[in-house]
Amino acid sequence: MEVMKKYISKYTKWKDHRHISFSTMTSHLLLFGLLVAGCSLAFASDPSPLQDFCVADQNSRVFVNGLVCKEARLVQPDDFFYRGLQLMGNTSNAVGSAVTPVTVEELPGLNTLGISMARIDFAPQGINPPHTHPRATEILTVMEGRILVGFVTSNPQNRLITKELQKGDVFVFPEGLIHFQKNVGNGYAVVIAALSSQNPGVITIANAVFGSNPDIAGDILAKAFQVDINVVYQIQSKF
């Protein structure tokens, strides 16, 4: 009988040990999973610098994901400098707006820093037409005028989130979502936008769909927009 009790006691301790070990292993796996997820998020945007700076060498013919660094000893103050954002853009165009970008193309010192900016000028009733930034979130500040802004959530809801902004107001457009701005005031308006990429990119929806090179087949667009194919051809002729 005593032998049986000892056996049962040892078996119970072994089970408890297995349970504790399994729980510990599960906790470790969960922690590892969270770390992997965190690392994935960390590497989801522009590459981070591994030195003080990585000024873009715009003369290099080497193609990499980003731009090659200029030798540090050749870097000059002008590599971190841009002048001209105080100038109003030319809004005498079909949409009544002008974007003055300050990306790594205009300011080489932005390379690997994961930021850029732009000035957007609006004529009265001018628009910055629906577009997306495939590599950046955008945060916008109204400097002058009244601006109607909005973005559309992804499928299947396609919810429009919109608001009218005044001078000093700030609004954010999540990365990759279609968004727009319109000057709803009687005078000229100007906003400053900051973006979370040195090269955010822009896809203007109308230009991409109706102004692609070569054209997207008319029957595809007619079925997609549920219109007569001649309407598609008429719109394509404008781009």
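Residues numbered from 1 in each chain as written. Predicted model: local features only at pLDDT ≥ 70, side-chain atom pairs only at ≥ 80, totals over all residues. Heavy atoms only, no water.

Chemist: Help me out: how do you make sense of the state of the cysteines in this one?
Modeler: Here a disulfide denotes one covalent bond, and it connects the sulfur atoms of two cysteines. Throughout the structure, instances matching the rule amount to one disulfide. One disulfide in the model links C54 with C69; its S-S distance is 1.8 Å. Its S-S torsion of approximately -95 degrees makes the covalent link between C54 and C69 left-handed. You can see C54 sitting in the loop between helix 1 (2–42) and strand 1 (97–102) and its partner C69 sitting in the loop between helix 1 and strand 1, a full 15 residues away along the chain. For C54, a relative accessible area of 3% gives the class buried. Residue class for C69 comes out partly exposed when judged on its relative accessible area of 35%. (Disulfide = S-S within 2.5 Å. Helix = DSSP H or I, 4+ residues; strand = E, 2+ residues; numbered from the N terminus. Buried < 20%, exposed > 50% of the residue type's maximum accessible area, 1.4 Å probe, protein only.)

Chemist: So what exactly am I meant to see when it comes to the nonpolar core here?
Modeler: Within soluble globular proteins, side chains that are nonpolar generally end up buried alongside one another. Counting residues in each nonpolar core, the largest one holds 13 residues, and the members touching the most others are I147 and V191. Elements that contribute at least two residues to this core include exactly strand 2 (116–122), strand 4 (138–144), strand 5 (147–152), strand 7 (170–173) and strand 9 (189–195). For this core, the element with the highest residue contribution is strand 5, accounting for three residues. In this structure I147 touches F122, V142, K163, E164, L165, Q181, K182, N183, V184, A189 and V191, once residues within four positions along its chain are discounted. (Core = buried A, V, L, I, M, F, W, Y, C linked by side-chain atoms within 4.5 Å. Contact = heavy atoms within 4.5 Å.)

Chemist: What am I meant to see in the environment of F122 here?
Modeler: If you trace the backbone, F122 turns up in strand 2. Taking the relative accessible area as the measure of exposure, F122 reaches 0% and is therefore buried. Along the backbone, F122 and N90 are 32 residues apart, and their C-alpha atoms lie at a distance of 9.0 Å. Residues contacting F122, with those up to four places away along its chain left out, are T91, G96, S97, I127, N128, I147, Q181, N183, Y188, A189 and V191.

Chemist: Can you help me understand the sheet that holds strand 6 (residues 160–165) in this one?
Modeler: What links the strands of a sheet is backbone hydrogen bonding, and the strands pair in either a parallel or an antiparallel sense. Spatial strand order, 6-5-8-3-10: five strands in an open sheet with antiparallel pairing. Each edge of the open sheet is held by one strand with a lone partner, namely strand 6 and strand 10 (203–204). (Pairing = 2+ DSSP bridges.)

Chemist: Explanation requested: the pattern of salt bridges in the structure shown.
Modeler: Side chains that differ in sign of charge can pair as their charged atoms come close. With the rule as written, the count across this model stands at five salt bridges. Between E164 and R146 there is a salt bridge; the shortest N-O distance is 2.6 Å. Taken together, the residues span a long stretch of sequence, with E164 in strand 6 and R146 in the loop between strand 4 and strand 5 at a distance of 18 residues. What makes E164 partly exposed here is its relative accessible area of 40%. Look at R146 and you get partly exposed, because its relative accessible area is 33%. (Salt bridge = Lys/Arg side-chain N within 4 Å of Asp/Glu carboxyl O.)

Chemist: For this particular structure, what's the right way to read the packing of aromatic side chains?
Modeler: Where two aromatic rings form a pair, the distance of their centres and the angle of their planes describe that pair. All told, the structure shown has four aromatic pairs when counted by the stated rule. Seen in terms of ring centroids, F53 and F80 are 5.4 Å apart; in terms of plane orientation they differ by 80 degrees. Their pairing is edge-to-face. Separated by 27 residues along the polypeptide, F53 in the loop between helix 1 and strand 1 and F80 in the loop between helix 1 and strand 1 bring together distant segments of the chain. Geometrically, the ring pair formed by F151 and F171 is tilted, given 6.2 Å between the ring centres and 50 degrees between the ring planes. Placement of F151 in strand 5 and of F171 in strand 7 is noted, with a sequence separation of 20 residues between them. Note on accessibility: F151 and F171 belong to one class, buried. Three or more aromatic residues joined by ring pairs make a cluster, and in this case those are F151, F171 and F173. (Phe/Tyr/Trp six-rings, centres within 6.5 Å; stacked < 30°, edge-to-face > 60°.)

Chemist: Quick question: what am I supposed to make of the environment of N158 here?
Modeler: Mapped onto the elements of the fold, N158 is located in the loop between strand 5 and strand 6. In this view, N158 contacts V152 and T153; residues no more than four positions away in its chain are not counted.

Chemist: Explain the layout of surface pockets to me, please; I cannot follow it from the model alone.
Modeler: A probe matching the size of a water molecule, rolled over the atoms, marks out where space remains unfilled. As a volume, the largest pocket reaches approximately 450 Å³. Forming the boundary of the largest pocket are 23 residues, of which V99, N128, H131, V202 and T204 lie nearest the centre. The set of elements that each furnish at least two residues to the lining of the largest pocket consists of strand 1, strand 2, strand 3 (127–132) and strand 9. For the lining of the largest pocket, the class distribution of residues is 13 nonpolar, nine polar and one charged. (1 Å grid on protein atoms, 1.4 Å probe; cavity = no way out; pocket = protein on both sides within 12 Å on 5 of 7 lines; lining within 4 Å. Points joined across faces, edges and corners; volume = space filled by probe spheres on them. Nonpolar A, V, L, I, M, F, W, Y, C, P; charged D, E, K, R; others polar.)

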